[in-house]
Amino acid sequence: SIIAPTTNTWNGTVWSKTGNVTPPTSTDIVVFAGDFNITTQINACSVQINTGVNVVVGIPFTDASYLPNKNADAVLKIENGLDVLGTGTLTFENNASLIQVNDAAVNTGTIIYKRISSAMKNFDFTYWSSPVSDQNSGPFQTLKALSPNTLFDKYFSYANGNWVTENVNNIMKPGKGYIIRTPNPGVYGMPYPETVVMPYSQ
């Protein structure tokens, strides 16, 4: 038998399908009409986040709460597409994950995907890659945005057996690997104020 997906809406208090907090399933068209914080895996056929609604996957990072595996169980697993409408927001905190089963799924809107590197020493590099592609409108994820105070010639990718210097303003391509060196220790002013002390996390 073929079962049509059910629209299951979170209104800020309960899910429409069950009338309680029982989480949706991978056959549900999930609509967030109220703010929501995902701390364990949520499954859905597709997801829509309405304008003005804020959905956060994971717990925000603070120095006092840092654990290497924090948010490892915070997962939004979607069989198909994701739509973030208008002023809606979808934020993935450090170590939280977005999984989409259908490689041909079409997404709309903008997400925020936070990652914090392991602590590094001076002259260390971190490997980075983008999980999704930018569309035709920004904001775009540039290499410089990951570590804006790194020296301009310390952004690289690897191709044909050689390290290739990347322009700091290049937009990250999904699935492509990049390495970026730590900034030199010191105090940086505008436009990217930061105090760099080793060990240092990007």
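Reference entry: report on the structure contained in this document.

About the thresholds
Residues numbered from 1 in each chain as written. Predicted model: local features only at pLDDT ≥ 70, side-chain atom pairs only at ≥ 80, totals over all residues. Heavy atoms only, no water. Helix = DSSP H or I, 4+ residues; strand = E, 2+ residues; numbered from the N terminus. Buried < 20%, exposed > 50% of the residue type's maximum accessible area, 1.4 Å probe, protein only. Core = buried A, V, L, I, M, F, W, Y, C linked by side-chain atoms within 4.5 Å. Polar contact = N/O pair within 3.5 Å; in protein donor to acceptor, adjacent residues only side chain to side chain. Contact = heavy atoms within 4.5 Å. Salt bridge = Lys/Arg side-chain N within 4 Å of Asp/Glu carboxyl O. Pairing = 2+ DSSP bridges.

Glancing now at unusual backbone geometry. Residue Pro191 is bonded to the preceding Met190 through a cis peptide linkage, with omega at 10°. Among the secondary structure elements, Pro191 is positioned in the loop between strand E16 (186-188) and strand E17 (194-196). Following Met198, the chain continues into Pro199 via a peptide bond in cis, with omega recorded as 0°. Tracing the sequence through the fold places Pro199 in the segment after E17. Positive phi values are uncommon outside glycine, yet Asn71 reaches one of about 75°. When you line up the elements, Asn71 lands in the loop between strand E6 (54-57) and strand E7 (75-78). The backbone of Asn95 sits at a positive phi, close to 75°, despite the residue not being glycine. For Asn95, the position within the fold is in the loop between strand E9 (89-92) and strand E10 (97-100). Classification of Asn95 as partly exposed rests on a relative accessible area of 25%.

The subject of this paragraph is the nonpolar core. Phe32, Val47, Leu76 and Leu90 are the most contacted members of the largest nonpolar core, which has 22 residues in total. Core analysis: the next-biggest nonpolar cluster, separate from the first, contains 7 residues, Trp128, Val168, Tyr178 and Ile180 among them.

All right, on to the side chain of Glu166 then. Among the secondary structure elements, Glu166 is positioned in the loop between strand E14 (162-165) and strand E15 (178-181). A polar contact is formed between the side chain of Glu166 and the side chain of Asn170, at a distance of 2.7 Å. For Glu166, the residues in contact, after removing those within four places along its chain, are Leu143, Phe152, Tyr155, Phe156, Ser157, Lys176 and Tyr178.

According to the stated counting rule, one finds 5 salt bridges in the structure shown. Between Glu93 and Lys114 there is a salt bridge, with the nearest N and O atoms lying 3.4 Å from each other. With Glu93 in the loop between E9 and E10 and Lys114 in the loop between strand E11 (112-113) and strand E12 (125-128), the pair connects residues that are 21 residues apart, well separated along the chain. Given a relative accessible area of 5%, Glu93 falls into the buried group.

A few words now on the pairing of E6. In regular strands, side chains alternate between the two faces of the sheet. Only one face of E6 is covered, namely the face carrying Val55 and Val57; the face carrying Asn54 and Val56 is uncovered. The pairing of strand E3 (residues 36-38) with E6 spans 3 bridges and is parallel. Considered in E6, the bridge of Ile38 is made with Val57. Looking at chain direction, E6 and E9 are connected through 4 bridges and run parallel. Residue pairing for E9: Val57 is matched across the bridge by Phe92.

Once that is clear, we can look at the sheet that holds E11. As summarised here, the arrangement of the 4 strands in space is E3-E6-E9-E11, forming an open sheet in which the pairing is parallel. Each having just a single partner strand, E3 and E11 make up the two edges of the open sheet.

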